[in-house]
Protein chains: 2
Amino acid sequence: MRTSVATVCLSGSLVDKMHACADAGFDGIEVFEPDLVASDHSPEEVRALADRLGLTLDLFQPFRDFEGVTDDLLEANLRRAEAKFALMNRLGVDTVLVCSNVATATIDSDEVSAAQLRRLGDLADQYDVRIAFEALAWGRFVDDYRRAWRIVELADHPRVGVCLDSFHILSRGHDPAEIEKIPGDKIFFLQLADAPALSMDVLSWSRHHRLFPGEGSFDLAGFLAHVLRAGYTGPLSLEVFNDTFRQTDVTRTARHALRSLVWLEDAAGRLVEGRADLDRLPLASAPQGYDFVEVKAEDTADVEVMLGQLGFTFRGRHRTKPVRLWSAGDARVVLNEQQARDQRPHLAAVGLAVDDPATTAARARVLMAPPVHRRTYASEVPLEAFTAPDGTEVFLGEATGGEPVWVDEFEGGDEVGTSPVSRVDHVNLAQPWADFDEAVLFYTSVLGLDAGSGTEVAGPRGLVRSQVMRTPDGSVRIPLNVAPSGTSDYAQHVAFACDDVVAVARRAREAGMAFLPVPRNYYDDLAARYDLPDRDVAELRELDLLYERDEHGAFVHFYTRTAGQVFLEVVERRDGYDGYGATNAPIRLAAQQRA
Amino acid sequence: MRTSVATVCLSGSLVDKMHACADAGFDGIEVFEPDLVASDHSPEEVRALADRLGLTLDLFQPFRDFEGVTDDLLEANLRRAEAKFALMNRLGVDTVLVCSNVATATIDSDEVSAAQLRRLGDLADQYDVRIAFEALAWGRFVDDYRRAWRIVELADHPRVGVCLDSFHILSRGHDPAEIEKIPGDKIFFLQLADAPALSMDVLSWSRHHRLFPGEGSFDLAGFLAHVLRAGYTGPLSLEVFNDTFRQTDVTRTARHALRSLVWLEDAAGRLVEGRADLDRLPLASAPQGYDFVEVKAEDTADVEVMLGQLGFTFRGRHRTKPVRLWSAGDARVVLNEQQARDQRPHLAAVGLAVDDPATTAARARVLMAPPVHRRTYASEVPLEAFTAPDGTEVFLGEATGGEPVWVDEFEGGDEVGTSPVSRVDHVNLAQPWADFDEAVLFYTSVLGLDAGSGTEVAGPRGLVRSQVMRTPDGSVRIPLNVAPSGTSDYAQHVAFACDDVVAVARRAREAGMAFLPVPRNYYDDLAARYDLPDRDVAELRELDLLYERDEHGAFVHFYTRTAGQVFLEVVERRDGYDGYGATNAPIRLAAQQRA
């Protein structure tokens, strides 16, 4: 279907926005009137620019406070409308959004509103434009799309139809199934927005917190499926008022926005029959585990020492590059010193094991994930790779059940023995605050991970927001941490799973590893909080182990010191515990600040 | 009264926070348990540090989910409590906050809760500690301070009293007057927090958006007056959960916090009789107008040229410094090139005319406003001065009705003629986002300005939040603008009032001034929005004038181009118009981005 986006979603001038939308690949835009009024481009120039960029101008928005008014006011409103219709003719846009009256309506009557919209339709006829009437969630009398449709039905004018906005419908909890009763050709326009579940007044929620589809709590695929079943064939258009998107790089946000529609069209299309006009995405299965994790730095020795202390085996040097491989069970850590001048140790790449790398890569390309063009250490086995919004490179290896074939490219390693560490449990990535929503959409749409509920953790430098992206079976878990605005140097980490964290910790201690030290006060509190035997608490304390228990089971884990921008964690999940030790995160953050 | 603050209000480690509180001048702190648990200082070390710093440990907080439970759970809760009482003995803190049960209460009975608190009181007796029971706004059964007091009354135990928290009471709209019915010695503790008027769930409101007294919408002076009339003599303590304060500089936030209590004690004290123990502030009247505005730069020529074009008169050079004075009516602009190497033009200082500069300065000192120690251009007439949170220097001149005496220090100026510009209308200061709340408190508490309601303006780089600080009569108006997080280079400006903005604009145009250009689209929209004669619209367009009308009157204004970080505005207020042209701000921001 055709894609469109309201200029109000983006930062910059109207001209900046138009260029960014065209570059991203949108078919059209909704012209938000204040953007036009503030522009130094005349309507004719905007029209010409749109032509040159190959963008259609799909909607002029909005016209407000028209219906349900006294006769005097109606005449004034018709004069206002006529000025805007003339402007639309100059712009070459044929549909105007008319929002249900918030401010000036005094007559609560479907018949009166319908008659007034019919008058507007007659005027629209003279200018060859169409009226898309929309129920705002906070409209004075009309705040439900079903009532807006009833009024449009009563108006019975070829120039008058409805505009459906997912936010106004889903935020109120109105059943979207009744959309299917509206003839598709009377749905003049469709505006899509997601939103997080928030308990606040709907106006503020709408004006500041909307999100692109796939980033919030609304079931937008289900919503769109209803609209498609109604027979709607117009553009899928985004109207997302969001404080962050208003200020982030317009080119990047436009691509991010289009990705959400590409994902949504596919997701909704899978729910409806008989709509062969819908674009589909390659259907890739979710990853089955980690292929490898890569730490990159000019000098990775600090990390290498820690891996040895944790019982990892040195698997050799790459045949052709300054890259080394360590492994323990199915956990593989690549230490990359290639082209890393002046770089401190950091998580540069995550390799995921998927059924069919080519299909996942094809899906990523359609979803506009930027491809990675470095020559990988796996030069003999070329891996598909693309870049996540935070800059982490994501490689796709083939899930074979055994060791990946690229391991053979490493030579001169030690004998592989048994290891107490079995695999990568999770990879924690720090996100710049402005890129967080984009990252959530990236991991869901490109890789098929699910977003669980988010948490917030109090650290000494502010609240850290955390959102876990994962496969349902937990084989891949990627907690995304958003550092407080203004800070950017939060470390990332890799957590390794094991069956006996006490043994791993003891061995690491004997090998001289520097643990992240845990304060005694923590253990005093632990004893008061949980009914743990003194001996267990003493053992936890001795080994700087952290402990958390939920309704399922227990989580015992420890952290290494930070090397550069990265640290390591070893975790033991007991009896189906499925979390990440959130209650211990403030302890870790405070200890890291002291270190 | 004694002052205290919960460590949860501040950023950093517990030790950082204790040092900052002592440095700011607090008498004590509330120890927030998670801060202690995450600390590498033992309870005995924290106690010793507090002693050395001269801080009392006023409250241990919080203990949760105690009352209204089954017998089994009660025994477990008493064991938990005993561990915490023992910890309190080690810390040397004698009062514990017990929050009303949110999670585990199953018995909705005042009698049961009272009996259970009595058990807790008996245990507290053994450890020589006191229980301050508080109704959380979202408590399962107890969510009203009056019910908490009824339960405490029923418990009838010398170790059991109430804790009052202004947020929990005022957020629910509960009448604080009934506090006066509680005996003062049964109010074991008082926690103060302000908050903005927000329509959202009370838990999120409480956890993220509390403010220091004087910064929000609550009537905290009235609230505290009730508590004082009840006879409360304990500490005034702040408990302010705020995402921003959690991450801003701890030393600065601690001073900011203490300022709010100093202000509040005085403000509440003026409402009660017979409390001679309260500290009072010097009572200064609000400013009567602007003494001067100072633009500072290595080279101020661009601003000087604009002042000439606006009809200002050159009043001479300072006798001893590289400083020049220009005036028009009562508007005086000082151009300061002293010690300004590499500085671009910016608003460095604002001089205000007050009745009694010495008293206002004394008030500012008690409220910890940092004094300014530069040798002013008014060296012969020493002016009191201090620094606002954003770094702007605020000078205090004596309101005489005529020209300030320091004007005589400028020599070699031109003849003063009549001027179409009459005075400074407002000075718009850009605020770093993290300092905004501190700035609001500064201007209200130190200078006696009032905070009106805030607005938000959409600019091409994000939403700009604006809050006007002003005297009731409008003689001093200081709009504070908060730029979107991550941007910092928003310009500040001075607006001059006149009676005929068309004449000023015409004269400036003839003098060759570069106006901020306003797009034609703006005037097309203006014609559609207001019923203005074509001739008027043409004149506005010709002169790049902006227009806004409200229910009172009209506002006509124009902007100059920006020089460095500063631009100028000329405004005409017609028929009692009292705003700032907010609808035109997006036009200005877009035009400034193009420039």
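See the structure shown above.
Since this is a predicted model, take the numbers as computed values, not measurements. In this numbering scheme, every chain counts its residues from 1 along its sequence in written order. Labels follow written order: the first chain is A, the first ligand is 1, and so on. Residues qualify for local features only when their pLDDT is at least 70, as the model is predicted, and side-chain atom pairs are given and counted only at 80 or more; totals for whole chains, interfaces and linings, by contrast, use all residues. Each side-chain value is derived from all of the structure's non-hydrogen atoms; neither hydrogens nor water enter the calculation.

Another point: helix α17 (residues 585-594) of chain B. To sort residues, take the accessible area from a 1.4 Å probe on protein chains only and compare it with the maximum for the residue type: under 20% means buried, over 50% means exposed, and anything in between is partly exposed. Each helix is a run of DSSP H or I of at least 4 residues and each strand a run of E of at least 2, with the numbering of both proceeding from the N terminus. Along α17 of chain B, seven of the 10 residues are buried, which leaves the element largely enclosed by surrounding structure. All of the buried residues in α17 of chain B are Ala585, Ile587, Arg588, Leu589, Ala590, Ala591 and Gln592 of chain B.

Moving on: the packing of helix α4 (residues 71-91) of chain B against helix α5 (residues 110-127) of chain B. All names here are of chain B. Helix axes use the C-alpha atoms of the stretch in contact, all axes being lines fitted to C-alpha atoms, and the angles between their N-to-C directions lie in the range 0 to 180 degrees. Where α4 contacts α5, the two axes come as close as 10 Å, and the packing angle between them is 30°. With respect to α5, the element α4 is oriented roughly parallel. Crossing of α4 over α5 shows right-handed handedness. Along its contact with α4, which presents Leu74, Glu75, Leu78, Ala81, Glu82, Phe85, Ala86 and Asn89, the element α5 presents Gln116, Arg119, Leu120, Leu123, Ala124 and Tyr127. Here the residues of the contact of α4 with α5 are counted per class, giving nine nonpolar, two polar and three charged. Note that the term roughly parallel is reserved for angles under 35 degrees, roughly antiparallel for angles over 145, roughly perpendicular for angles of 65 to 115, and oblique for everything else. Rotating anticlockwise by less than a right angle from the far helix to the near helix defines a left-handed crossing, while the corresponding clockwise rotation defines a right-handed one. Here, two residues are considered to be in contact whenever any of their heavy atoms come within 4.5 Å of each other. All residues other than Ala, Val, Leu, Ile, Met, Phe, Trp, Tyr, Cys, Pro, Asp, Glu, Lys and Arg, Gly among them, are scored as polar; the first ten of these are nonpolar and the last four charged.

The subject of this paragraph is the pattern of salt bridges. Here a salt bridge means any side-chain nitrogen of Lys or Arg lying within 4 Å of a carboxyl oxygen belonging to Asp or Glu. Within the structure shown, the criterion is met by 72 salt bridges over all chains. As a salt-bridge pair, Asp578 of chain A and Arg470 of chain A come within 2.8 Å of each other at their nearest N and O atoms. Pair noted here: Asp578 of chain A is in the loop between β25 (566-574) and α17 (585-594) and Arg470 of chain A is in strand β20 (residues 462-470), with a separation of 108 residues, a long-range link. Taking relative accessible area as the criterion, Asp578 of chain A reaches 33% and is therefore assigned partly exposed. Taking the shortest distance from any N to any O, the salt bridge between Lys17 of chain B and Asp35 of chain B comes out at 3.0 Å. You can see Lys17 of chain B sitting in helix α1 (residues 14-24) and its partner Asp35 of chain B sitting in helix α2 (residues 33-37), a full 18 residues away along the chain. Sharing partners across several salt bridges, the network here consists of Glu33 and Lys84 of chain A together with Asp525 and Arg529 of chain B.

Right, let's talk about the environment of Leu325 of chain A for a bit. All names here are of chain A. Of note, Leu325 is situated in strand β11 (residues 323-328). Residue class for Leu325 comes out buried when judged on its relative accessible area of 0%. Once residues lying within four places of it in the same chain are set aside, the contact partners of Leu325 are Thr313, Phe314, Arg315, Gly316, Arg332, Val333, Val334, Trp406, Val407 and Phe410.

What follows covers the relation of the copies chain A and chain B. In this comparison the copies share one frame, found by least squares on the C-alpha atoms of residues holding pLDDT of at least 70 in both. Overlaying chain A on chain B yields an RMSD of 0.1 Å, the required transformation being a rotation through 180° with an accompanying axial translation of 0.0 Å. Here the copies are linked by what is in effect a two-fold axis. Judged by C-alpha distance, Met200 of chain A is the residue of chain A that lies nearest the rotation axis, at 1.9 Å. A symmetric contact is evident, with 100% of the interface residues of chain A recurring at the interface of chain B.

Moving on to the nonpolar core. Among the buried residues, those of types Ala, Val, Leu, Ile, Met, Phe, Trp, Tyr and Cys that are joined through side-chain atoms within 4.5 Å form a nonpolar core. Membership of the largest hydrophobic core comes to 190 residues, with the highest contact counts inside it found for Phe85, Leu164, Phe312, Tyr443, Phe496 and Phe558 of chain B. Residue contacts for Phe85 of chain B: discarding those within four places in its chain leaves Val96, Leu120, Leu123, Ala124, Tyr127, Val129 and Ile131 of chain B. The next biggest cluster of nonpolar side chains, apart from the first, holds 179 residues, and it includes Val142, Val482, Met513 and Tyr523 of chain A.

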